[in-house]
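Each chain, written out:
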Amino acid sequence: MKNALGVVDSVVVLGGRSEIGRAIARRLVRDGASRVVLAVRGGAAADAAVELGELGATVTVVDFDALDVDSHERLVRSIFASLGDVDVVVSAVGELGDQARYEREPAAAAASVRTNLVGHVSTGLAVAACLRAQGHGTLVVLSSVAGIRTRRSNFVYGCAKAGLDGFALGLADALHGTGATVMAVRPGYVHTAMSAHVPPAPMSVTVEDVADAVADGLRRGAVVVWVPQRLAGVFAVLRLLPRSVWRRMPT
Amino acid sequence: MFVEADHAQRALVSGWGRTVPTAATVRRPRSVAETAAILGSAGPRGVIARGLGRAYGDAAQNAGGTVIDCTGLAGMRLDPETGVVTAAAGMSVDALLRALIPHGWFVPVSPGTRQVTVGGAIAADIHGKNHHRDGSFSEALSSLRLILPSGEHRLVDRSDGRLFQATVGGMGLTGVIVEATFRCIPIRTSRMRVDTVRAANLEEALALMAEGDDAYRYSVAWIDLLARGPALGRSVLTRGDHAEPAELTPRDAVDPLGFDPRVRLGVPPWAPSGLLNPMTVRAFNELWFRRAPRERRGEIQPLAGFFHPLDALAEWNRLYGRRGFLQYQFLLPFGAEGTLQEIVERVSASGVASFLAVLKRLGAASGGWMSFPAPGWTLTLDVPVRPRVLGLTRDLDAAVLAAGGRVYLAKDSVLRADAVERMYPRVMDFRALRSEIDPQRILRSDLARRLEL
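This text gives an overview of the structure that appears in the document. Nothing here was measured: the structure is a model prediction, and the numbers come from that model.

1. Notes on the overall build of chain B
For step 1, the next point in the chain: Of the regular secondary structure elements, chain B holds 14 helices and 22 strands.
For step 2, the next point in the chain: The dimensions of chain B, computed from C-alpha atoms along their principal axes, are 60 × 55 × 45 Å.
For step 3, the next point in the chain: Residue burial in chain B is summarised as follows: out of 453 residues, 60% are buried.
For step 4, the next point in the chain: A fraction of 74% describes how many contacts in chain B between residues 6 or more apart in sequence connect residues 24 or more apart.
For step 5, the next point in the chain: As presented, chain B carries roughly 17400 Å² of accessible surface, and 54% of it is formed by carbon and sulfur atoms.

Structure (structure tokens):
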């Protein structure tokens, strides 16, 4: 159970290879979480399991295929059944991909949308049902500023994040009053292996910054978290730019 | 009580500190039979009893399960000769006092608010300003009626040693208390004779209490946790006894047992959360300390002003804003005064706003396995929820543990499960008894989940 200061005890990361997902898990374990489940394709997360174990958590790794939507409900239920009460689920699956390639290979673009959006819908709704039943807990959805206003340079990724952000906020409203909550996290450019091929945008952050913002958001009961926080103001303006200007924005 | 309705019959339930609301199905039985039926139809997330919701943390919450609102269990009998009362678990101390005082009886223990129920008083084995003299609530308790998780009704008295000692202070986790029989304190007036004295610092306050407490039935010190330097721990001690009719003014003497306290003011829901900040609290504390006489003897005060000053302000918990607050109450055994001094220094240095921190010298422990009071000092402070508070409560937990102390579960909302075993050594017996009488863990609360009770 989460305590009065927002310290959680049990954490599930869906997409346990995600650098951001792992950083959030590390941060929550450092703050006091004692049980972690990493759901990863092929169950390949030995390094993360060791790392979290050294920080003091009991870690379980389960096999999870983000594209196999038919398996998601059963998997989520089995995680809740084995872990007991779940305080936080981080929906972390994501791939940035290569916009130029997507434009050449439409099927690859659609596949990336399946990864970045479709799998979150099936896991998210299954998680929501479990959280509603236990009467508490938070689903953390890794959205992105790329979805706040999609742009020329990465609109395939952006459109999936736009859908995901909308899904998260809609689910947050659906769960209002049930004790369960949803938090949409909107980072700007995050330095990871996934983003290494893209030049950093202004106000870039590290995975640790995202983890800090998530931990703080959990304490505050935030529904939307921007990383860094000042991107909220920046995007309030960017959303209003005329399309002719927005189209010419670099990167 | 903070309960928000929801379409799906569930409601968000939180403690008095309003920190971690969780959703539960709230049922309000009107009879013992209805209560037993709710226990019998418990779902997989179990059941916990709730009174007036004055536990600060998550003791009377049950996420995803059922919360039994016991305030519908009303009614009482008084034997006016002996002062023995049998009361339904949902009776509040407020209702009891209004019924008892005109007959010349006072509740055995009065906490800082009248808005607690008899069931809650037993489940938390509450203490009051007379603990050094009379002990906790269970000391006055001769028997209680309990509905066990199996649905069986049981009259539990002291001959039922294990179940009795697990139930008093047991946070409602051995069954649902539906009735209790206890003896009251005879009084001849509804007024208090109060001595007030200021202590310049913590050392002086402790010395005054250690020397003088035994001369009074009731004793407590308000301590300014924002004061620093030589004034660190400056306090106002108020100690007193029930007044005799001869001490009343002619006007009061007309009705020596009159008792009709009112709520004077409410805090509106829109109260700004920044109302209590270090500056306003510092100013309030300064005023409170200056207002108190250096020394005043024999002042006659109404009961409510002496025992329940905050009850005049309805829903004062809203003062701490949307994110709520926690109340941290711990006990340090006699001999650990050095640790107490360190903790007061640590809190003072942190500058965390805390008004009306309370210091009390406790007497002998009851036999309750999970009962909080034991010989020593108990300090209670309100802490608004802020990010930096986490480090403070961790430091306090560690200091309390190292000195062989404990925190009060009825207040707690931040403790970790591994600390409970060291603070409450009988928790092993408590868990074992729970496994016997409740193998399926029908009785559950968020507190029990968090602390693995």
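2. Side note on a negative patch on the surface
All names here are of chain A.
For step 1, the next point in the chain: On the surface, Asp 63, Asp 65, Asp 68 and Asp 70 cluster together to form a negatively charged patch.
For step 2, the next point in the chain: Within the secondary structure, Asp 63 sits in strand S3 (residues 58–63).
For step 3, the next point in the chain: Look at Asp 63 and you get exposed, because its relative accessible area is 52%.

3. Notes on the side chain of Arg434(B)
Residue and element names in this part refer to chain B.
For step 1, the next point in the chain: One can find Arg 434 in helix H13 (residues 427–437).
For step 2, the next point in the chain: For Arg 434, the side chain forms a polar contact with the main-chain oxygen of Leu 173, separated by 3.2 Å.
For step 3, the next point in the chain: Among residues more than four places away in sequence, those in contact with Arg 434 are Leu 173, Pro 439, Arg 441, Leu 443, Ala 448 and Leu 453.

4. So, the interface of chain A and chain B
For step 1, the next point in the chain: Facing the 21 residues of chain A at the interface are 26 residues of chain B.
For step 2, the next point in the chain: Taken together, both faces of the contact between chain A and chain B bury some 1900 Å²; the carbon and sulfur share is 57%.
For step 3, the next point in the chain: In terms of surface lost to chain B, no three residues of chain A exceed Met1(A), Ala4(A) and Leu5(A), which account for 33% of the buried area on that side.
For step 4, the next point in the chain: Counting across the interface, chain A meets chain B through 2 salt bridges.
For step 5, the next point in the chain: In this structure, the salt-bridge partner of Arg45(B) is Asp85(A), at a minimum N-O distance of 2.8 Å.
For step 6, the next point in the chain: Counting across the interface, chain A meets chain B through 10 residue pairs in polar contact (both at pLDDT 80 or more).
For step 7, the next point in the chain: Looking at the side of chain A that touches chain B, the elements that each hand over two or more residues are helix H5 (106–134) and helix H7 (207–220) of chain A.
For step 8, the next point in the chain: Broken down by class, the residue content of the side of chain A that touches chain B amounts to 5 nonpolar, 9 polar and 7 charged.

5. Examining unusual backbone geometry
The bulk of non-glycine residues show a negative phi, and the bulk of peptide bonds are trans.
For step 1, the next point in the chain: With an omega dihedral of -5°, the bond running from Val227(A) to Pro228(A) counts as a cis peptide bond.
For step 2, the next point in the chain: Checked against the element boundaries, Pro228(A) lands in the loop between strand S9 (224–227) and helix H8 (231–238).
For step 3, the next point in the chain: The phi torsion at Arg18(B) lies on the positive side, around 60°, for a residue other than glycine.
For step 4, the next point in the chain: Residue position: Arg18(B) is located in the loop between strand S2 (10–14) and strand S3 (22–27).
For step 5, the next point in the chain: The backbone phi angle of Glu315(B) is positive, close to 50°, even though this residue is not glycine.
For step 6, the next point in the chain: Residue placement: Glu315(B) occurs in the loop between strand S18 (313–314) and strand S19 (325–333).
For step 7, the next point in the chain: Judged by relative accessible area, Glu315(B) falls into the partly exposed class, the value being 35%.

Here is what the cut-offs are and how they apply
- Residues numbered from 1 in each chain as written.
- Chains lettered and ligands numbered in written order.
- Predicted model: local features only at pLDDT ≥ 70, side-chain atom pairs only at ≥ 80, totals over all residues.
- Heavy atoms only, no water.
- Helix = DSSP H or I, 4+ residues; strand = E, 2+ residues; numbered from the N terminus.
- Buried < 20%, exposed > 50% of the residue type's maximum accessible area, 1.4 Å probe, protein only.
- Contact = heavy atoms within 4.5 Å.
- Areas by Shrake-Rupley, 256 points an atom, 1.4 Å probe, with all protein chains shown as cover.
- Patch = residues over 30% accessible without salt bridge, like charges linked within 9 Å, V, L, I, M, F, W, Y side chains within 5 Å.
- Salt bridge = Lys/Arg side-chain N within 4 Å of Asp/Glu carboxyl O.
- Lys, Arg positive; Asp, Glu negative; His and termini not counted.
- Charge placed at Lys NZ, Arg CZ, Asp CG, Glu CD.
- Polar contact = N/O pair within 3.5 Å; in protein donor to acceptor, adjacent residues only side chain to side chain.
- Buried area = accessible area lost by both parts, 1.4 Å probe.
- Nonpolar A, V, L, I, M, F, W, Y, C, P; charged D, E, K, R; others polar.

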